Amino acid sequence: MIGLDNVKEDATGKLTVQDGALRFTAGKSESKVPIASIDDIFVGTETTQSGGKTGRNVKIAALAAPYYSGKLLTLFMRTKVDILTISYHDSGGGLHGAIFELPIGQAAPMRTQLNQAGAHSRPEGNSSE
Amino acid sequence: MSRPAVFVLMGLCLLAMPAIAPAQSAAKPKLSASAIQIAMVETSGVQIPAEFRFDVYERLVEHVRASGAFPKVYRAGDRAASGITDLVTLHTQVDAFKEGSQTKRELTSVAGSTQVAVTASVTGRDGQTLVAQKIIGRVRYFGDNLGVSSDVAKRITKLLGETF
């Protein structure tokens, strides 16, 4: 996750639509984006490192393994994720972009949920321009 | 040449160096502005996923703020920027984008790089272009494809730091 106030970059948390806002909760930190301030929603996919920070450390160790054996191991440490990008504006009109990494197949239902709650988005909502 | 004479010559050279340095920097005077507004990344038909455009934009806001090159940094659309007389605007235009593969990068170390080529330009209130430069951001070895956004934002911030 990047692009939200009050929440650290790359934080892991829970994304919900509640009380007219998109809420992201990571431990004690919470950030809210009012649905009315959402200008557009995009859904995409990306292949990334599985296992979070631990996975990253394991991968670095694996890459250092002899005779390229570790490089093959990293093949099993890949995972496909959905990317949900929310374009919204703050009370002063400033443009923001919040990018969330979600388990595969969860971004489109989240977009539908946001649209039903009144968020603006282009009909197709695909990620590429 | 005697040893004292060599030391005198070296001393004179050292004294002359600070005089040369300002002369070089004076050749390219820095511009000044009290505030910058970061415009949204434009694509003009180049196929680039939305997350890359927004990631570059967010990283630019973050890096330019952290650089301290401008007392105020405004986001696109921020109404507070409208009253600032010496406001400059940073425009980022994507010229080309090649999405690579993290798996290929890690397996081969030579293939699968992600690249984004942009033209970064800064305009003044009157619309005049103050600086423009082509910049290429890359992720070559480690990291997700989105890491290219951070690379391009760092390079643009460096350009701003050299200009302002």
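This is a predicted model, so every value here is computed, not measured.

Novice: So what exactly am I meant to see when it comes to the overall build of chain B here?
Specialist: Helices and strands together make up the secondary structure of chain B, namely four helices and five strands. With the model as given, the accessible surface of chain B reaches about 8,700 Å², and the carbon-plus-sulfur share is 59%.

Novice: How should I be thinking about the overall build of chain A in this particular structure?
Specialist: Counting its secondary structure elements, chain A contains three helices and six strands. What you see in chain A, going N to C, is helices and strands ordered as β-β-β-β-α-α-β-β-α. Relative to its 129 residues, chain A shows a buried fraction of 43%. Considering only intrachain contacts with a sequence separation of at least 6, the fraction spanning at least 24 residues in chain A is 56%.

Novice: What is the right way to look at the pattern of salt bridges in this model?
Specialist: Pairing between side chains of opposite charge can happen when their charged atoms approach one another. For the structure on display, the rule yields nine salt bridges over all chains. Ionic pairing is found between R59 of chain B and E9 of chain A, a salt bridge with its closest N-O pair at 2.8 Å. You can see R59 of chain B sitting in helix α2 (residues 50-67) and its partner E9 of chain A sitting in the segment before β1 (14-18), one on each of two chains. Relative accessible area serves as the criterion here: at 38%, E9 of chain A is assigned to the partly exposed category. Residues D40 of chain A and R122 of chain A are paired through a salt bridge, measuring 2.9 Å at the closest nitrogen-oxygen approach. Note that D40 of chain A is positioned in strand β4 (residues 38-49) and R122 of chain A in the segment after α3 (107-116), a separation of 82 residues in sequence. Judged by its relative accessible area of 10%, D40 of chain A is buried. One continuous salt-bridge network, built from bridges that share partners, spans E9 of chain A together with D55, R59 and E62 of chain B.

Novice: What exactly am I supposed to notice about the packing of aromatic side chains here?
Specialist: Each aromatic ring pair is specified by the distance between its two centres and by the angle formed by the two planes. This structure, assessed with the given rule, holds four aromatic pairs over all chains. Ring centres 5.6 Å apart and planes at 50° place the aromatic pair F24 of chain A and F100 of chain A in the tilted group. Here F24 of chain A, found in strand β2 (residues 21-26), pairs with F100 of chain A, found in strand β6 (residues 95-103); they are 76 residues apart in sequence, far enough to count as distant. As far as burial versus exposure is concerned, F24 of chain A and F100 of chain A are alike and both buried. With 5.9 Å between their ring centres and 45° between their planes, F42 of chain A and F54 of chain B make a pair best called tilted. Taken together, the positions of F42 of chain A in strand β4 and F54 of chain B in helix α2 put the pair across two chains. The residues F42 of chain A and F54 of chain B share a single accessibility class, namely buried.

Novice: Hey, could you run me through the sheet that holds β2 of chain A in this one?
Specialist: What holds strands together in a sheet is hydrogen bonding between their backbones, with the strands either parallel or antiparallel. Residue and element names in this part refer to chain A. Ordered in space as β1-β2-β3, the three strands form an open sheet in which the pairing is antiparallel. In this open sheet, the two edge strands, each paired with only one partner strand, are β1 and β3 (29-34). Neighbour-to-neighbour, the strand axes of the sheet open up by a mean angle of 20°, direction not taken into account. Note: β2 against β3, six bridges, orientation antiparallel. By the bridge assignment, T25 is partnered in β3 with E30.

Novice: I tried to follow the nonpolar core on my own but got confused; where do I start?
Specialist: Nonpolar side chains tend to gather and get buried jointly when the protein is soluble and globular. Grouped together as the largest cluster of nonpolar side chains are 43 residues, with contacts concentrated most on I36, I38, F70 and L90 of chain B. Per-element accounting of this core gives the leading share, eight residues, to α2 of chain B. Formed by 22 residues, the second largest nonpolar core is a distinct cluster that contains A26, Y88, A98 and M110 of chain A.

Novice: Looking at this structure, I do not really get α3 of chain A. What am I missing?
Specialist: Side chains three or four residues apart in an α-helix point the same way, a direct result of the helix having 3.6 residues per turn. Residue and element names in this part refer to chain A. All buried positions along α3 are accounted for by A107, M110, R111 and L114. The buried residues of α3 all sit within an arc of 100° when viewed along its axis, so they share a single face. Trailing α3 by a residue or two, G118 shows a phi angle of about 110°, which is positive.

Novice: Looking at this structure, how should I read α2 of chain B?
Specialist: Residue and element names in this part refer to chain B. For α2, with 18 residues, the first-to-last C-alpha span of 26 Å sits near the 26 Å given by 1.5 Å per residue. When you tally the buried positions in α2, you get 14 out of 18 residues, the bulk of the element. Phi turns positive, to about 70°, at G68, one or two residues after α2.

Novice: Help me out: how do you make sense of the environment of R122 of chain A in this one?
Specialist: Residue and element names in this part refer to chain A. Among the residues examined, R122 registers a relative accessible area of 36% and is labelled partly exposed. C-alpha separation for the pair R122 and S37, spaced 85 residues apart in sequence, amounts to 15 Å. Reaching out from R122, the side chain makes a polar contact with the side chain of D40 at a distance of 2.9 Å.

Cut-offs used in this document
- Residues numbered from 1 in each chain as written.
- Chains lettered and ligands numbered in written order.
- Predicted model: local features only at pLDDT ≥ 70, side-chain atom pairs only at ≥ 80, totals over all residues.
- Heavy atoms only, no water.
- Helix = DSSP H or I, 4+ residues; strand = E, 2+ residues; numbered from the N terminus.
- Areas by Shrake-Rupley, 256 points an atom, 1.4 Å probe, with all protein chains shown as cover.
- Buried < 20%, exposed > 50% of the residue type's maximum accessible area, 1.4 Å probe, protein only.
- Contact = heavy atoms within 4.5 Å.
- Salt bridge = Lys/Arg side-chain N within 4 Å of Asp/Glu carboxyl O.
- Phe/Tyr/Trp six-rings, centres within 6.5 Å; stacked < 30°, edge-to-face > 60°.
- Pairing = 2+ DSSP bridges.
- Axes fitted to C-alpha atoms, helices over the stretch in contact; angles between N-to-C directions.
- Core = buried A, V, L, I, M, F, W, Y, C linked by side-chain atoms within 4.5 Å.
- Arc of directions from axis to C-beta.
- Expected span 1.5 Å × (residues − 1).
- Polar contact = N/O pair within 3.5 Å; in protein donor to acceptor, adjacent residues only side chain to side chain.

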